[in-house]
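# Examination of the molecular architecture
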Amino acid sequence: MARTVHCIKLGCDADGLDRAPYPGELGQRIFAQVSKAAWQDWLRHQTRLINEQRLSPIDPKARRFLEEQMERYFFGDGGEQPAGYTPPSA
C-alpha cells in the first residue's frame, strides 16, 4: 500500500515518495510533505533551470543554487522561473 502525504505543493492528499529524495534535513522535509507528483514537477522545473541557465550539476555553486531553488519551490515562494519561460496554457 502506498504511503499518503498531505502534499504541501499540491494542497491535497496524494501518494508520498518511497524514500527521501535528497540528503539531510531538506530531504526529510520533502519526504514528509511532498507527493510523488509534486516531486516529478520539481524534476521538470529543475531540468528547465539547468538547461536555461546552463548549470553544471557538478559545480558546487550550481548545486547550492539548485538546493536553494528546491527549498523555495516546495516551502517558499515557488523559486525562480527560467528567463522567458511561459507556462503551458491549460
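Reading the values: rules and limits
Residues numbered from 1 in each chain as written. Predicted model: local features only at pLDDT ≥ 70, side-chain atom pairs only at ≥ 80, totals over all residues. Heavy atoms only, no water. UniProt positions renumbered as here; feature names shortened; annotations may be inferred. Axes fitted to C-alpha atoms, helices over the stretch in contact; angles between N-to-C directions. Helix = DSSP H or I, 4+ residues; strand = E, 2+ residues; numbered from the N terminus. Parallel < 35°, antiparallel > 145°, perpendicular 65-115°, else oblique. Left-handed = near helix turned anticlockwise from the far one by under 90°. Contact = heavy atoms within 4.5 Å. Buried < 20%, exposed > 50% of the residue type's maximum accessible area, 1.4 Å probe, protein only.

In the nomenclature of an unreviewed UniProt entry, the chain corresponds to Probable Fe(2+)-trafficking protein from the organism Allochromatium warmingii. UniProt, in the comment section headed Function (unreviewed entry), describes the chain in these words: "Could be a mediator in iron transactions between iron acquisition and iron-requiring processes, such as synthesis and/or repair of Fe-S clusters in biosynthetic enzymes. Necessary to maintain high levels of aconitase under oxidative stress." In the Sequence similarities (unreviewed entry) part of its UniProt record, the chain is described as follows: "Belongs to the Fe(2+)-trafficking protein family."

## What to know about the packing of helix 2 (residues 36–52) against helix 3 (residues 60–75)
Helices that pack against each other are described as a pair by the angle of their axes relative to one another and the distance between those axes. One can describe the packing of helix 2 onto helix 3 by two numbers: an axis separation of 11 Å at closest approach and a directional angle of 140 degrees. As judged from the angle between their axes, helix 2 and helix 3 are oblique. For the crossing formed where helix 2 meets helix 3, the hand is right-handed. Residue-level contacts link Ala38, Trp39, Asp41, Trp42, His45, Gln46, Leu49 and Ile50 of helix 2 to Leu66, Gln69, Met70, Tyr73 and Phe74 of helix 3.

## Section: unusual backbone geometry
With phi around 55 degrees, Arg54 is a residue other than glycine that occupies positive phi space. Assignment of secondary structure puts Arg54 in the loop between helix 2 and helix 3. Owing to a relative accessible area of 74%, Arg54 belongs among the exposed residues under this scheme.

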